[in-house]
Amino acid sequence: MNLIVHTDAVEASVKTRPSQSKKAKVTAQPLAVVNTLIIGAGFAGLGSAIRLQQAGLKDIVILERSSKVGGTWRDNTYPGAACDIPSNLYSYSFAQNPNWSRGFSGSAEILDYINYLVGNFQLNELIKFNQNVSALSFDQASGLWTIALADGEFYQARTVISAAGPLSNFSFPQIDGLENFKGKKIHSANWDHDYDIKGKRVAVIGTGASAIQIIPELVKTADFVKVFQRTPGWVTPRPDYKTPEWNKAVFRTLPAAQTAMRRALYWAHESMALAVIWNSPLTKVAEQLAKSHLKNQVKDTWLRRQLTPDFKIGCKRVLVSNDYYPALQKPNCKLITWPIVKITEQGVQTMEGVEHAVDCIVFATGFDVSKSGTPFPITGLNNRNLAQEWSRGAQAYKSINVSGFPNLFFTFGPNSGPGHNSALVYMESQIDYAVRVIKTIIDQGIKALDVRPEVQAQYNKGIQQRLAKTNWNSGCKSWYLTEDGFNATMYPGFATQYKRQMATFDQKDYQVMTA
Ligand code: N01
């Protein structure tokens, strides 16, 4: 169906657009009316556009709030930024790159790959940069979403894919005195490359996936680095290697060889689910492997004790590094495990009363993950407010659709996170599901396709029952859980199970409103 035929409906919805009167610079007409509007030009948004086009759905606009593509890989440029999933698996199966320089590529090379996707699949003309989405609202009469921008302009679309990304907003922790610090504050996700670390006294707060990549780089040039650890994580070896030229040549001439490699990596990661998602005999094996890694790299028994986690492996994200423990033992590095009480003008004060004076504090303290909120206000059928409905924990059907919010698709929506396999594997199956449903909506001229509430409720009951048996819900504190312990983040199963559920679209699960 071509959207031009909906002109009357579009006009009706424009007239009734609720936020119109409040905006200063509102035009009477949408900037465009399209079949599918994608929010975000990161991995998920670009992948969605590619698969939509390949399915013959070409009436697309991508809105990107920044001036560049790349999402998390554009923003996370801290020293040492790299992926902890092998590149042959952390890439799209429909756009394999035979030239990865390493087993685990750095952020610059991943960003190059993302830019390659844009060029190769001619996505540039679809992307509108510097477009900050401020609200979404669905108009029942026309079956159109209005996508309001912060500057008062708006788009309209029959279907919307929200690919804003769960880790797109970084957060400074709520530590007393944060604003008093007179030195330099840097967040891992917003690195200031103009600030020269050489010879500086640096504090790093946090010891998660970002911190363990940053610290080995900082100790190379800083005067000293003090690492403030609240909770030690499980660290396993990183089987990284420089890709030999012959290997790239084989992948270039024989793509099936790379597909076979990808498959082998996929199944190797699948087997890890048995260790990290559920408490099984393999959990002990994985913990033993991590403990041996610690013992091999750290000879000091007291330091080893400080670095030994007291929760099950997998409960928090498993860390992968060969150079974190060695970095901590450099003469210019010190691990501090006393809790932080406040930030002072000069540095960081810990509980035993010591003030650690530094020039710079690096906050590797994570992101504002919208486990219960939404990235912007979303208004669905009968003025339903999604943030309100998700206030006690986000829920969706198959992580992608939410009842009462028709024709809207989330990538990395509720309970879609992997703990053991590549996020791109999950992303690809979400995208393909969304494309299948969007094609049905467009081809059949459906006004709105809304998942049935009872189907969504039944699905989530199953998810939460399965989550209760996982390591994530075994008692540790992590960004996977809300303050009251609700897990709206992770998918409690193998990637293979997730892919299987996403491979089937049953229209009976949805209420259909025809035009
Ligand atoms: O953030 P985190 P991250 N006082 O939330 C500590 C992805 N990622 O940026 O554990 C003191 O994991 C906090 O302590 P605790 C990946 O999905 C991927 O490292 O809560 N400390 C923790 O140590 C990952 O899961 C790659 O006790 C405070 C740290 O800060 C996600 O990004 C690479 C504190 C935060 O760890 C986030 O990772 C890097 C406070 N007030 C990241 N507040 C890949 O390779 C927080 N902390 C794909």
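Quick notes on the rules
- Residue numbers restart at each chain and count upward from 1, following the sequence in its written direction.
- Totals for whole chains, interfaces and linings use every residue, but because this is a predicted model, local features are given only for residues with pLDDT of at least 70 and side-chain atom pairs only at 80 or more, for both listing and counting.
- Think of the side-chain values as coming from all heavy atoms in the structure, minus any hydrogens and water.
- Strands here mean DSSP runs of E at least two residues long; helices mean DSSP runs of H or I at least four residues long; both are numbered from the N terminus.
- Three exposure classes are used, based on accessible area relative to the maximum for each residue type with a 1.4 Å probe and protein chains only: buried under 20%, partly exposed in between, and exposed over 50%.
- We call two residues in contact whenever any of their non-hydrogen atoms come within 4.5 Å of each other.
- To form a nonpolar core, buried Ala, Val, Leu, Ile, Met, Phe, Trp, Tyr and Cys residues must be joined to one another through side-chain atoms within 4.5 Å.
- Per the annotation, domain bounds derive from an automatic or database assignment of domains.
- Once two parts are joined, some of their accessible surface, as seen by a 1.4 Å probe, is lost; buried area is that loss totalled over both.
- Salt bridge, as used here: a side-chain nitrogen of Lys or Arg that lies within 4 Å of a carboxyl oxygen of Asp or Glu.

(A) Spotlight on unusual backbone geometry. Unlike most non-glycine residues, Lys-398 shows phi in positive territory, near 55°. With respect to the helices and strands, Lys-398 occurs in the loop between α11 (386–389) and β18 (408–410). Overall, the relative accessible area of 6% leaves Lys-398 in the buried class. Of note in the backbone geometry, Ser-399 takes a positive phi value of approximately 70° without being a glycine. Among the secondary structure elements, Ser-399 is positioned in the loop between α11 and β18. Looking at Ser-399, the relative accessible area reads 1%, which means it is buried.

(B) Quick peek at the environment of Pro-453. Tracing the chain through its elements places Pro-453 in helix α13 (residues 453–467). Taking relative accessible area as the criterion, Pro-453 reaches 44% and is therefore assigned partly exposed. The spatial distance from the C-alpha of Pro-453 to the C-alpha of Gly-206 is 40 Å, given a sequence separation of 247 residues. In this structure Pro-453 touches Ser-403 and Gln-511, once residues within four positions along its chain are discounted.

(C) Expanded view of the nonpolar core. Core analysis: the largest hydrophobic core is formed by 79 residues, its most contacted members being Phe-43, Leu-46, Ile-62 and Tyr-92. Top element by residues in this core is helix α12 (residues 423–443). It accounts for 12 residues. Summarising the domain contributions, this core has at least three residues from each of domain 1 (7–18 + 26–167 + 368–514) and domain 2 (178–234 + 278–363). The contact partners of Tyr-92, leaving out residues within four places of it in the chain, are Phe-43, Ala-44, Gly-47, Tyr-113, Leu-117, Arg-262, Leu-424, Met-427, Glu-428 and Ile-431.

(D) The arrangement of the domain arrangement of the protein chain in detail. Taken domain by domain, the protein chain holds domain 1 (7–18 + 26–167 + 368–514) and domain 2 (178–234 + 278–363). For domain 1 and domain 2, the distance between their C-alpha centres works out to 33 Å. Between domain 1 and domain 2, the residue contacts involve 22 residues of the former and 22 residues of the latter. Of all residues in domain 1, Tyr-78, Asp-84 and Asn-471 give up the largest surface area on contact with domain 2, accounting jointly for 34% of the area buried on that side. Our count for the domain 1 to domain 2 interface comes out at one salt bridge. A salt bridge links Asp-84 to Arg-317, with the shortest nitrogen-to-oxygen separation between them at 2.5 Å.

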